[in-house]
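# Notes for the structure review
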Amino acid sequence: MPDFDLLVIGSGPGGQRAAVAAAKLGRRVAVADRPDMIGGVCINTGTIPSKTLREAVLYLTGLTQRDLYGQSYRLKEEITVADLTARTQHVVSREVDVIRSQLTRNHIALLAGTGRFTDDHTVAVRDVTGQDRLVTAEHIVIATGTRPARPDSVEFDDRTIVDSDSVLNLETVPRSMVIVGAGVIGIEYASMFAALGSKVTVVEQRDAMLDFCDLEIVEALKYHLRELAVTFRFGETVAAVERHPRGTLTVLESGKRIPADTVMYSAGRQGLTDELDLDKAGLSADRRGRIAVDEHYRTTVPHIYAVGDVIGFPALAATSMEQGRAAAYHACGEAVNPMGHMQPIGIYTIPETSFIGRTEDQLTEERVPFEVGISRYRELARGQIIGDSHGMLKLLVSTEDRRLLGVHVFGTGATELIHIGQAVMGCGGTVDYLVDAVFNYPTLAESYKVAALDATNKLRQIGNLSG
Ligand SMILES: Cc1cc2nc3c(=O)[nH]c(=O)nc-3n(C[C@H](O)[C@H](O)[C@H](O)COP(=O)(O)OP(=O)(O)OC[C@H]3O[C@@H](n4cnc5c(N)ncnc54)[C@H](O)[C@@H]3O)c2cc1C
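Everything quoted here is computed from the prediction, not taken from an experiment. (Residues numbered from 1 in each chain as written. Predicted model: local features only at pLDDT ≥ 70, side-chain atom pairs only at ≥ 80, totals over all residues. Heavy atoms only, no water.)

## Thoughts on the nonpolar core
Core analysis: the biggest nonpolar cluster contains 55 residues, and Leu7, Val8, Ile108, Phe117, Ile140, Ile142 and Ile304 have the highest contact counts within it. Excluding its chain neighbours within four sequence positions, the residues that come into contact with isoleucine 304 are Phe117, Asp120, Ile140, Ile142, Ala281, Leu283, Tyr297, Arg298 and Thr299. Counting residues in hydrophobic clusters, the runner-up holds 42 residues, among them Phe193, Cys213, Ile350 and Met392. (Core = buried A, V, L, I, M, F, W, Y, C linked by side-chain atoms within 4.5 Å. Buried < 20%, exposed > 50% of the residue type's maximum accessible area, 1.4 Å probe, protein only. Contact = heavy atoms within 4.5 Å.)

## Brief notes about the pattern of salt bridges
Applying the stated rule across the entire model yields 27 salt bridges. A salt bridge links aspartate 286 to arginine 290; its shortest N-O distance comes to 3.3 Å. Look at aspartate 286 and you get partly exposed, because its relative accessible area is 37%. You can call arginine 290 partly exposed: its relative accessible area is 28%. A salt bridge links aspartate 432 to arginine 402; the shortest N-O distance between them is 2.9 Å. One end of the pair, aspartate 432, is in helix H12 (residues 431–436); the other, arginine 402, is in the loop between strand S21 (392–398) and strand S22 (404–410), with 30 residues separating them in the sequence. Among the charged side chains, a network of salt bridges with common partners joins Arg116, Arg126, Asp132, Asp277 and Lys280. (Salt bridge = Lys/Arg side-chain N within 4 Å of Asp/Glu carboxyl O. Helix = DSSP H or I, 4+ residues; strand = E, 2+ residues; numbered from the N terminus.)

## Focus: the pairing of strand S1 (residues 4–9)
By the criterion of burial, S1 is predominantly enclosed, with six of the six residues buried. Of the pairings in the sheet, the one linking S1 to strand S6 (residues 132–142) comprises five bridges and is parallel in character. Following the sheet pairing, isoleucine 9 is matched in S6 by isoleucine 142. Pairing analysis gives four bridges linking S1 to strand S2 (residues 29–33), with the strands arranged parallel. Paired with valine 8 across the bridge in S2 is valine 31. (Pairing = 2+ DSSP bridges.)

## Points about helix H3 (residues 47–61)
Along its 15 residues, H3 runs 21 Å from first to last C-alpha, staying within 8% of the 21 Å computed at 1.5 Å per residue. With 12 of 15 residues buried, H3 lies mostly within the body of the structure. Looking at H3, one finds that the buried residues are Ile48, Pro49, Ser50, Lys51, Thr52, Leu53, Arg54, Ala56, Val57, Leu58, Leu60 and Thr61. At the C-terminal side of H3, glycine 62 shows a positive phi close to 65°. (Expected span 1.5 Å × (residues − 1).)

## Considerations on the environment of alanine 331
Counting through the fold element by element, alanine 331 comes out in helix H8 (residues 317–331). Judged by its relative accessible area of 14%, alanine 331 falls in the buried class. Considered as a pair, alanine 331 and arginine 298 are 33 residues apart in the sequence and their alpha carbons are 8.9 Å apart.

## Quick word on the layout of surface pockets
Empty space within the second largest pocket amounts to approximately 750 Å³. Looking at the second largest pocket, it is lined by 27 residues, and the ones nearest its centre are Leu63, Thr64, Gln65, Ile350 and His390. Where the lining of the second largest pocket is concerned, the elements lending two or more residues are H3, helix H4 (66–69) and helix H7 (215–227). Of the residues assigned to the lining of the second largest pocket, the class counts are 10 nonpolar, 11 polar and six charged. (1 Å grid on protein atoms, 1.4 Å probe; cavity = no way out; pocket = protein on both sides within 12 Å on 5 of 7 lines; lining within 4 Å. Points joined across faces, edges and corners; volume = space filled by probe spheres on them. Nonpolar A, V, L, I, M, F, W, Y, C, P; charged D, E, K, R; others polar.)

## Here's the deal with the site of the ligand
Not every one of the 36 residues close to the ligand is listed here, only the nearest: Gly14, Asp33, Gly115, Asp309 and Ala317. At a separation of 3.5 Å, an oxygen atom of the ligand approaches a polar backbone atom of proline 13. At 3.1 Å from an oxygen atom of the ligand is found a main-chain nitrogen or oxygen belonging to methionine 37. When the free accessible area of the ligand is taken as 1,000 Å², the share hidden by the protein chains comes to 94%. (Near = heavy atom within 4 Å. Polar contact = N/O pair within 3.5 Å; in protein donor to acceptor, adjacent residues only side chain to side chain. Areas by Shrake-Rupley, 256 points an atom, 1.4 Å probe, with all protein chains shown as cover.)

Next up, the structure:
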């Protein structure tokens, strides 16, 4: 008889949810992780610290209030790193506490240490003293996540040349900053530092950024970042990063040289699989450390699952949690619905943006006819009250059956508002539901009704003309 029914390697969102789901189904469960990493990248270095920092930036800079009180409005003139990080430690430790308590309440054994396979049912968990404990399990879930990828050619010192982990330990707010990589993390940090007044240059190899998002919204985001003095260098590759006593010089292959106090690399992440001895379990990972899985999150060894960032896109805490639950249910023989394409994407830039479903470009490429309904926050009473004049919500509506095909939101509350669209889409609702619904007034949620009216007015016009 194995020691546990389910052993989870990694206590991030994917691992936690897998463990709790299996425990709720009455299984004997254990989770292995380093004691200082309970809650994973999500709680310790990723989502939670960055979003707490963002909240502090918004509050202290008063940026979102400037439409109301004037461009010089600030809550605090000199914002220090101590101001910015004051809440982070508090929030992180409270979150770690919550997770520990959840694991304990559900009788999940927490094994302190890093795990590696010795065979396909056995994991050796090495504690801080170097002692190995062999643990056997009927099913195993790999939820080891990722770490920032660091090119060998760059000398990181974690003070002036940092990645998305060590950026949290900066001692001062840089006056100028180069961010290499215009992915979600790079652009989120670019907007935070730009809001703080740093002169930010974003260097991106590709010609575009966030190309999985709605093009119009990405354009709006770029416009806003440029307004905050962000410079974009698209289609440019970094040849070298030089560290000098008074700052850094980022040299591009095109010959440009960009001086800055700090350089932050945010050019992809590497799956944490190199220390797992995957081969001992009959598994392997790709060049970027990622593990391939099927629709049930099973690896090529059917009783071993992998969830979260270690399996790749979309690499979000939100999806990792659901993957963890789905894997545990499958391992326990419990029915679970597939996630499908109904996963929201939230990007906490300043302003934030979020979407669900397909984009205009995708629908056009797939030759799916659609109509667009738009609502702008400046036309909503709530938009005026909060001083958000740039926000917008866009509905993509099928001209064939009037169902929602996509919802895209930009501006205050986007990552919350998206869930209204998600609920309607998830229940197979049409745009008419939103036209008929009464929304609280004055709210930003009202933008759904305004956009729905816009879309249905256009649909009516098409109907009238085509008879
Ligand atoms: C800066 C930043 C901001 C982000 N913002 C957001 C956001 O706003 N919203 C969002 O949804 N997502 C966000 N993400 C992504 C989110 O953090 C990840 O998608 C999520 O943490 C992945 O969860 P996971 O379960 O794969 O495990 P992770 O959170 O990656 O944790 C993996 C855990 O496995 C442990 N581990 C690794 N190897 C071993 C081993 N051999 N033995 C034992 N334990 C091991 C690690 O110590 C770690 O604790 C952000 C990420 C970053 C870096």
